[in-house]
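# Reading the structure
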Amino acid sequence: MSKPLKQIHLAAHFPGVNNTTVWSDPAAGSHIEFSSFAHFARTAERAKFDFLFLAEGLRLREQGGEIYDLDVVGRPDTFTVLAALAAVTDRLGLTGTINSTFNEPYEVARQFASLDHLSGGRSAWNVVTSWDAFTGENFRRGGFLPQEERYSRAQEFLATANELLDSWRGDEILADQATGTFLSDAKAGAFVHQGQHFDIHGRFNVPRSPQGRPVIFQAGESDEGREFAASSADAIFSRYATLKEGQAFYTDVKGRLAKYGRRPDQLLILPAATFVLGDTDEEAAELAREVRRQQVSGATAIKHLEFVWNRDLSGHDPEGPLPDVDPLVGEEHISRGRAQVRMYRDPIAIAREWRELAAANGWSIRDLVINTGNRQTFVGAPATVARTINDFVQADASDGFILVPHITPGGLDAFADKVVPLLQEQGVFRTEYEGTTLRDHLGLAHPDAGSPAGRVAS
Ligand SMILES: Cc1cc2nc3c(=O)[nH]c(=O)nc-3n(C[C@H](O)[C@H](O)[C@H](O)COP(=O)(O)O)c2cc1C
C-alpha cells in the first residue's frame, strides 16, 4: 500500500528587516503601518494558511559603525502587532519571535497567555536566544550571558514559562457575566521555581488560555539548538529549503526525537521559502532574475562582500572585479546584529572560492553576490510551484513552508489566488479550517488532552 499523502502546512512571514524585500518597487508599502500587517494577515487567512510569522530583532543592525540602511530599518513590537491582528482575523495562527536571553519568563508567559485568550487559541512563540553581546547592550545587563549558556537559559526559560502557564491547570474557573471571573480554588496561579537561571515564586495572574500553552517554535542551527528543538519545540523555522539540504536537516532533527520519547510527527519542520510566479516558467525565471537584481543593488553587493571580507570595501566598484586583498580574520566584525556573520566561518576559503567562481564566469562583484546569494526557492508558473512544493513535502524535505514574499504587503496575493487552489485540488492543502486553534491547524496535541482541564462555565 502506498503512503498516504502528507498534508502541507503553509505560513506567511511578514518580510520586515531582511534582504528579501524589494522596497524600491512601486508596489511596496509600509512596514510599520497597521494596514500592511492587516492586508498580509487577511490574505494568509483567505488562503487558509496555518499562521502568520513575525521575526524580531532587538537592535538596529550596523555595518562599519553606521546603521545598516540598505534594507528596511526598524520594526514595531511583536506582541502589539499580533494582538492587533488577532482582532482582524478569526482562524490564522499568530507566531511571534521572542528572545529568551533578554526577557523574563513571568512577563513572556503573561504576554503569550493573553495573546492566546485574545485570539481564541492561536498564539505561537518562536523561542530565539540570539548570540551577540551587541544586542544585549540595549538591555539592563549589557552583553549578558556567553553564547554557550544561552540554550541552558532558553531551556529553563521555557520550562519556567510552562510552569506558570500550567499553574491554573485543573482549577475550577467560573465565569459569571455580572461579576467577571472568579475561582473556586484558592491555589490557582501559585508557582515556585528555583533553578540556575531563575529563582521566582508567586502567583501567575492570567487564567489558563484556550491552547493552555502557545505552540513552540525554535530557529537555531547549532547542535544545542537542534537538541532544544527535539526536546521542547513543536516546530522548527529553518533556512534549509532546497530538496537535498531540507532532507538532510529533516532527517537529522527528526532522528533526535526518539531519545526524548517523542514521535517524528510531534515536531514540524518549516523552512523559510521565497517564490516568484509568472504566467509561464520562462516568464517567472526572467522575473526572478529582475527581482535578484533589485534585491542586490551595487551598494548592497559591496556591503555583502564587506561582510565576508570584514573590511571597508567602499572604494570598490560593484561592477568591477573582486578585491585582491584577503578577508580580515579574528578581528572585531565590521557587521553587528546579523546572525549571518556566523555562516562565513572560514572567510579566506570563501574568498578563494568566490574569486575562482568570478573568474570562471566573468562575474563582477554584483554578479557574484546575485548568483551566490539567496536565490528564490520556488520559481515558475503556479502549476510548477504547486507541484514542486508538494514534491518537497512528500519527499520529506519539510512539512511545509514559511513563505517570505519580496513585496509587502501584496506579495502573497498571487500565491493565495493561483497556487493555493492547485494544492487544494491535489488534496494536500485544506480548503477550510477544520479547527479553531493553531494546534488544530498543525495537528498538534492539546496540552490538556487526556487530563482534567480548567473548565469554563458560562
Ligand atoms: C531561520 C532562522 C531565523 C531566525 N530568526 C531570528 C529572529 O527573527 N530573531 C532573532 O533574534 N534571532 C533569529 N534567529 C537566530 C536565533 O537567535 C538563534 O537563537 C541563534 O541563531 C543562536 O542559535 P544557534 O547557535 O543554535 O544558531 C534565527 C535563526 C534561524 C536559523
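Scoring rules and cut-offs
By convention here, each chain's residues receive numbers from 1 onward along its written sequence. pLDDT decides what is reported in this predicted model: residues at 70 or higher carry local features, side-chain atom pairs at 80 or more are listed and counted, and totals for whole chains, interfaces and linings draw on all residues regardless. Values reported for side chains reflect all heavy atoms of the structure, with hydrogen atoms and water molecules removed beforehand. Counted as salt bridges are all cases of a side-chain nitrogen of Lys or Arg within 4 Å of a carboxyl oxygen of Asp or Glu. Secondary structure is summarised from DSSP: a helix means a run of H or I of at least four residues, a strand means a run of E of at least two, and numbering begins at the N terminus for each. Relative accessible area decides the class of each residue, using a 1.4 Å probe on protein chains only: under 20% of the type maximum gives buried, over 50% gives exposed, and in between gives partly exposed. Whether a residue is near a molecule or strand depends on its heavy atoms: it is near if one of them lies within 4 Å of it. In the analysis that follows, any N or O atom pair within 3.5 Å is treated as a polar contact, provided that within protein one partner can donate a hydrogen and the other can accept it, and provided that, for residues neighboring in sequence, both atoms belong to side chains. Areas reported here follow the Shrake-Rupley algorithm with a probe of radius 1.4 Å; residue values treat only the protein chains shown as occluding. Any residue that is not Ala, Val, Leu, Ile, Met, Phe, Trp, Tyr, Cys, Pro, Asp, Glu, Lys or Arg is counted as polar, Gly included; the first ten are nonpolar and the last four charged. Nine residue types can take part in a nonpolar core, namely buried Ala, Val, Leu, Ile, Met, Phe, Trp, Tyr and Cys, and a core is a set of them joined through side-chain atoms within 4.5 Å. Pairs of residues are marked as contacts when any of their non-hydrogen atoms sit within 4.5 Å. Only the contacting stretch of a helix is used when fitting its axis, a line to C-alpha atoms as for every element, and angles between N-to-C directions run 0 to 180 degrees. Orientation labels follow simple angle bins: below 35 degrees gives roughly parallel, above 145 gives roughly antiparallel, 65 to 115 gives roughly perpendicular, and whatever is left gives oblique. Ring geometry is summarised as follows: Phe, Tyr and Trp rings, the Trp one being its six-membered ring, pair when their centres sit within 6.5 Å, and such pairs are stacked at plane angles under 30 degrees, edge-to-face over 60 and tilted between the two. Each residue after the first adds 1.5 Å to the expected span of a helix. In this description, one arc is meant: the one made by directions from the helix axis to the C-beta atoms. Nonpolar side chains (Val, Leu, Ile, Met, Phe, Trp, Tyr) are joined into patches within 5 Å and like charges within 9 Å, using only residues with over 30% relative accessible area and no salt bridge. Pairing between strands is defined by DSSP: at least two bridges between the two strands are required. When the strands point away from the viewer, a crossover counts as right-handed if the path from the first strand over the helix to the second runs clockwise.

### Some details on the pattern of salt bridges
- Under the criterion given, the structure shown has 28 salt bridges.
- Two residues, Lys48 and Glu432, come together in a salt bridge whose shortest N-O distance is 3.5 Å. Of this pair, Lys48 sits in the loop between helix H1 (34–46) and strand E2 (51–54) while Glu432 is found in the loop between helix H13 (413–425) and helix H14 (438–442), placing the two residues 384 residues apart along the sequence.
- On the basis of relative accessibility, which here comes to 16%, the residue Lys48 falls in the buried class.
- Here Asp166 ties to Arg213 by a salt bridge, and the two come within 2.4 Å at their closest N and O atoms.

### Re the site of the ligand
- Surrounding the ligand, one finds 16 residues, the nearest of these being Glu56, Thr129, Tyr151, Ala219 and Ser222.
- Residue Glu56 places a main-chain N or O atom 2.5 Å away from a nitrogen atom belonging to the ligand.
- In the environment of the ligand, an oxygen atom lies 2.5 Å from a nitrogen or oxygen atom belonging to the side chain of Ser222.
- Notes on the ligand: free accessible area 610 Å², of which the protein chains cover 87%.
- Taken together, the residues of the shell around the ligand break down into 5 nonpolar, 7 polar and 4 charged.

### Structural notes on the nonpolar core
- Within the largest apolar cluster, 75 residues are counted, with the highest numbers of intra-cluster contacts made by Leu10, Phe49, Trp125, Phe204, Phe401 and Phe415.
- Every residue in contact with Phe401, bar those within four places of it in the chain, is listed here: His9, Leu10, Ala11, Ala241, Leu270, Pro271, Ala273, Phe378, Ile389, Phe392 and Val393.
- Judged by nonpolar contacts, the second largest core, of 18 residues, contains Ile302, Phe307, Val308 and Leu368.

### Quick look at the packing of H1 against H13
- In the contact formed by H1 and H13, the axes pass within 9 Å of each other and the chain directions differ by 5 degrees. Judged on the interaxial angle alone, H13 and H1 are roughly parallel. Between H1 and H13, the residues in contact are His39, Thr43 and Arg46 and Asp413, Ala416 and Asp417, respectively.
- A per-class count over the contact of H1 with H13 returns 1 nonpolar, 2 polar and 3 charged.

### A short note on the packing of aromatic side chains
- Applying the stated criterion across every chain yields a total of 20 aromatic pairs.
- Taken together, a centroid distance of 5.0 Å and an interplanar angle of 65 degrees make the contact between Phe51 and Phe217 edge-to-face. Here Phe217 lies in strand E11 (residues 215–218) and Phe51 lies in strand E2, a separation of 166 residues in the sequence.
- Taking the relative accessible area as the measure of exposure, Phe51 reaches 0% and is therefore buried.
- Overall, Phe217 belongs to the buried group, its relative accessible area being 0%.
- Geometrically, the ring pair formed by Phe79 and Phe112 is edge-to-face, given 4.8 Å between the ring centres and 70 degrees between the ring planes. Within this pair, whereas Phe79 is found in helix H2 (residues 78–88), its partner Phe112 is found in helix H3 (residues 105–119), the two being separated by 33 residues in sequence. Pair check on accessibility: Phe79 and Phe112 agree, each one buried.
- Three or more aromatic residues joined by ring pairs form one cluster here, namely Phe79, Phe112, Trp125, Phe157 and Phe198.

### Focus: unusual backbone geometry
- Between Thr408 and Pro409 the backbone carries a cis peptide bond, its omega angle lying at 0 degrees.
- By the element assignment, Pro409 lies in the loop between strand E17 (400–403) and H13.
- With a phi close to 65 degrees, Lys48 is a non-glycine residue in the positive phi region.

### Digging into helix H7 (residues 243–255)
- In a regular helix each residue adds 1.5 Å, so 13 residues correspond to 18 Å; H7 covers 18 Å between its end C-alpha atoms and thus fits that length.
- For H7, the full list of buried residues reads Gly246, Phe249, Tyr250, Val253 and Lys254. Each buried residue of H7 lies within a common arc of 115 degrees when the element is viewed along its axis, so the set occupies one face. For H7, the exposed residues lying more than 90 degrees away from the buried face are Lys244, Thr251 and Gly255.

### Points about the side chain of Gln295
- Mapped onto the elements of the fold, Gln295 is located in helix H8 (residues 281–295).
- Residue class for Gln295 comes out buried when judged on its relative accessible area of 9%.
- Within the local environment of Gln295, its side chain forms a polar contact with the backbone oxygen of Thr20, the two atoms lying 2.7 Å apart.

### Regarding a nonpolar patch on the surface
- Residues Leu60, Ile67 and Val73 make up a contiguous nonpolar surface patch of about 220 Å² in total accessible area.
- Along the chain, the position of Leu60 falls in the loop between E2 and strand E3 (62–63).
- Relative accessible area serves as the criterion here: at 39%, Leu60 is assigned to the partly exposed category.

### Comments concerning the sheet that holds strand E4 (residues 66–67)
- Ordered in space as E4-E3-E15, the 3 strands form an open sheet in which the pairing is antiparallel. Looking at which strands have only one partner, the edges of the open sheet turn out to be E4 and strand E15 (335–336).
- Relative to E4, E3 runs antiparallel, the two sharing 2 bridges. Each residue of the ladder has a partner; that of Gln63, found in E4, is Glu66.

### Notes on the pairing of strand E6 (residues 123–128)
- The buried fraction of E6 amounts to 6 of the 6 residues, a majority that puts the element mostly inside the structure.
- A two-sided burial pattern is seen for E6, the buried positions comprising Ser123, Trp125 and Val127 on one face and Ala124, Asn126 and Val128 on the other.
- Pairing of strand E5 (residues 93–99) with E6, which is carried by 6 bridges, proceeds in the parallel orientation. Residue pairing across strands places Leu94 opposite Ser123, the latter belonging to E6.
- With H3 bridging E5 and its parallel neighbour E6, the resulting β-α-β unit is right-handed.
- When E6 meets E11, the two strands line up parallel, connected through 4 bridges. Across the sheet, Asn126 pairs through a bridge with Phe217, a residue of E11.

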